[in-house]
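Single-letter residue listing:
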Amino acid sequence: MPISQLCSNTHPILQIKACNLNNNDTGSKSVTGKPKASPQLNRWSRARAIRSGRKLDRSSSRTQTLEPNHSPPTLPFDVDSDDAVSEDGSEFRAKSIYIVSDGTGWTAEHSVNAALGQFDYCLVDHGCPVSTHLFSGVDDVERLLEIIKQAVKENALLVYTLADSSLSSAAEKACKLWGVPSTNVLGPITEAIASHLGASPSGLSRGASGVPLSDDYFRRIEAIEFTIKQDDGASPQNLAKADIVLTGVSRTGKTPLSIYLAQKGYKVANVPIVMGVDMPKTLSQVDPKKVFGLTINHGVLQEIRRTRAKTMGLSSGSRTNYSEMDYIREELEFAGKLFAQNPVWPVIDVTSKAVEETAAVVLRLFHDRKHKCTMSRISKRY
């Protein structure tokens, strides 16, 4: 299909912008390579690194045209792409995913990452390299078409969340014209909600100029400020003001989990469990349904602490029991006794859980208790 058909498109902005495309534009190449196999405990972290392109090396590249079934008859630019050579000498094409949004891109980016999480087995162990590229704040057709044009060159998948109906329509038509596989993340759910509510969407991206900030925004900012001030047992007099209180031994992920929950609008305090140090008296004044205990496998905790000790500049000969197995076992047993003394506290094992997964368990239990719809459980641990 010739470019003249795009120029004659009924959308007036798309007519002008598509006809003025620069034929000599170039874009970044996708990063390719084959990741090495990793132990079970590193699967998720390596998969995330692969998705972001940090762990992939470009072995070699060459220029070639797109395959016939991926190339429209006529394009307003030259198309080239990279091939990668794996460690065993076989060639494969790396996969790129372009994420386009007229806002921050948070929704589309997290949707893509959540979907890619279903392919961790492929990304880590089976040589399926992929890199994601986020293009946020795309608010005009010209920039949108330049991104789609680059997607053609890299044979990339385009995932977009464009609230502006004209931009969304332009993306759909350009992708169809140039043979770019694409998906509109917000389209189906927006249409379903519009039908359910009997109202039309505003067509404005979140945070667009002129749109007043919501109460939810200020609530999240307040929660983040509170959580930072309450990190690692600071200001125990404010524990009663927290929505959620996390407790556990050192390096069980209390701080990252607290920040993650705070970004969702929850005021979180975390209190470390240290042998020989009494828990703050104000903790007993907190509604026990708000308190959550965190535990972890002793072997995994030792590896985490050894890594932490190295980053702190502590040599293996330093006199510290921080990462010694006997001390770790004793510390976990001490925490276990504290949890047993407070049977209302749910205890979450974070050994094989990502922060998002632990947060999901915390929030499910938190809201079940808040709305008094708790379900019977087989074990006290989650």
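Fair warning: this is a prediction, and the values are worked out from it, not measured in the lab. (Residues numbered from 1 in each chain as written. Predicted model: local features only at pLDDT ≥ 70, side-chain atom pairs only at ≥ 80, totals over all residues. Heavy atoms only, no water.)

Caption draft 1: Representation of the environment of Val-268. Within the element layout of this structure, Val-268 appears in strand 8 (residues 268-272). The class for Val-268 is buried, based on a relative accessible area of 0%. Taking C-alpha positions, Val-268 is 5.4 Å from Ala-242, a pair spaced 26 residues apart along the chain. Other than its neighbours up to four places away in sequence, Val-268 contacts Phe-226, Thr-227, Gln-230, Ile-244, Leu-246, Ser-258, Leu-261 and Ala-262. (Helix = DSSP H or I, 4+ residues; strand = E, 2+ residues; numbered from the N terminus. Buried < 20%, exposed > 50% of the residue type's maximum accessible area, 1.4 Å probe, protein only. Contact = heavy atoms within 4.5 Å.)

Caption draft 2: Seen up close, the sheet that holds strand 4 (residues 130-135). On the basis of which strands lie adjacent, the open sheet formed by 4 strands has the order 4-3-5-6 and parallel pairing. Two strands in the sheet have a free side with no partner beyond their single neighbour: strand 4 and strand 6 (182-184). For this sheet the average axis-to-axis angle between neighbouring strands, irrespective of direction, equals 15°. Looking at chain direction, strand 3 (residues 95-101) and strand 5 (residues 157-161) are connected through 5 bridges and run parallel. Counted as the bridge partner of Ser-101 is Thr-161 from strand 5. (Pairing = 2+ DSSP bridges. Axes fitted to C-alpha atoms, helices over the stretch in contact; angles between N-to-C directions.)

Caption draft 3: Structural view of the packing of aromatic side chains. The final tally for this structure, using the stated rule, is 3 aromatic pairs. Seen in terms of ring centroids, Tyr-266 and Phe-366 are 5.7 Å apart; in terms of plane orientation they differ by 85°. Their pairing is edge-to-face. Taken as a pair, Tyr-266 in the loop between helix 10 (254-263) and strand 8 and Phe-366 in helix 13 (residues 355-370) lie far apart in primary sequence, 100 residues in all. Classification of Tyr-266 by relative accessible area gives buried; the value is 15%. (Phe/Tyr/Trp six-rings, centres within 6.5 Å; stacked < 30°, edge-to-face > 60°.)

Caption draft 4: A look at unusual backbone geometry. In this structure, Asn-155 is a non-glycine residue whose phi angle is positive, near 50°. Turning to its location among the elements, Asn-155 is positioned in the loop between helix 6 (141-154) and strand 5. Classification of Asn-155 by relative accessible area gives buried; the value is 18%. Unusually for a residue other than glycine, Ser-235 sits at a positive phi of about 50°. With respect to the helices and strands, the residue Ser-235 is situated in the loop between helix 9 (215-229) and strand 7 (244-248).

Caption draft 5: The packing of helix 9 against helix 10, seen in detail. Closest axis-to-axis distance for the helix 9/helix 10 pair is 8 Å, and the angle between their directions is 160°. By the criterion of interaxial angle, the relationship of helix 9 to helix 10 is roughly antiparallel. In the crossing of helix 9 with helix 10, the sense of the turn from one axis to the other is right-handed. Between helix 9 and helix 10, the contacting residues are Arg-220, Ala-223, Ile-224, Thr-227 and Ile-228 on the first element and Ser-258, Ile-259, Ala-262 and Gln-263 on the second. Looking at the contact of helix 9 with helix 10 residue by residue, the classes come out as 5 nonpolar, 3 polar and 1 charged. (Parallel < 35°, antiparallel > 145°, perpendicular 65-115°, else oblique. Left-handed = near helix turned anticlockwise from the far one by under 90°. Nonpolar A, V, L, I, M, F, W, Y, C, P; charged D, E, K, R; others polar.)

Caption draft 6: Region of interest: the pattern of salt bridges. One pass over the full model with this rule turns up 6 salt bridges. Salt-bridge contacts for Lys-267 lead to Glu-222; the nearest nitrogen and oxygen are separated by 3.1 Å. A residue pair is termed long-range when its members are at least 10 positions apart, and Lys-267 in the loop between helix 10 and strand 8 and Glu-222 in helix 9 qualify at 45 residues. Ionic pairing is found between Arg-305 and Glu-331, a salt bridge with its closest N-O pair at 2.7 Å. Taken together, the residues span a long stretch of sequence, with Arg-305 in helix 11 (residues 298-311) and Glu-331 in helix 12 (residues 325-341) at a distance of 26 residues. Using a relative accessible area of 0% as the deciding quantity, one classes Arg-305 as buried. When salt bridges that share partners are traced, they join Asp-216, Arg-219 and Arg-220 into one network. (Salt bridge = Lys/Arg side-chain N within 4 Å of Asp/Glu carboxyl O.)

Caption draft 7: Layout of the sheet that holds strand 9 (residues 291-295). Judged by pairing direction, the sheet is parallel, and its 4 strands sit side by side in the order 8-7-9-10 without closing on themselves. Lying at the two open borders of the sheet, with one neighbouring strand each, are strand 8 and strand 10 (347-349). Pairs of neighbouring strands in the sheet enclose a mean axial angle of 25°, with direction left out of account. Sheet topology places strand 7 next to strand 8; 5 bridges connect them, and they run parallel. Residue pairing across strands places Thr-247 opposite Val-271, the latter belonging to strand 8.

Caption draft 8: Quick look at the nonpolar core. Judged by nonpolar contacts, the single largest core of 37 residues is most densely connected at Ile-244, Val-245, Leu-257, Leu-261, Phe-292, Ile-348 and Val-362. Contributing elements (two or more residues each) for this core: strand 7, helix 10, strand 8, strand 9, helix 11, helix 12, strand 10 and helix 13. Top contributing element to this core by residue count: helix 13, with 6 residues. If we skip the residues at most four places from it in the chain, Val-245 touches Leu-239, Ala-269, Val-271, Leu-283, Val-286, Lys-290, Val-291 and Phe-292. Counting 22 residues, the second-largest nonpolar core is a separate cluster that includes Val-100, Ala-151, Ala-156 and Val-180. (Core = buried A, V, L, I, M, F, W, Y, C linked by side-chain atoms within 4.5 Å.)

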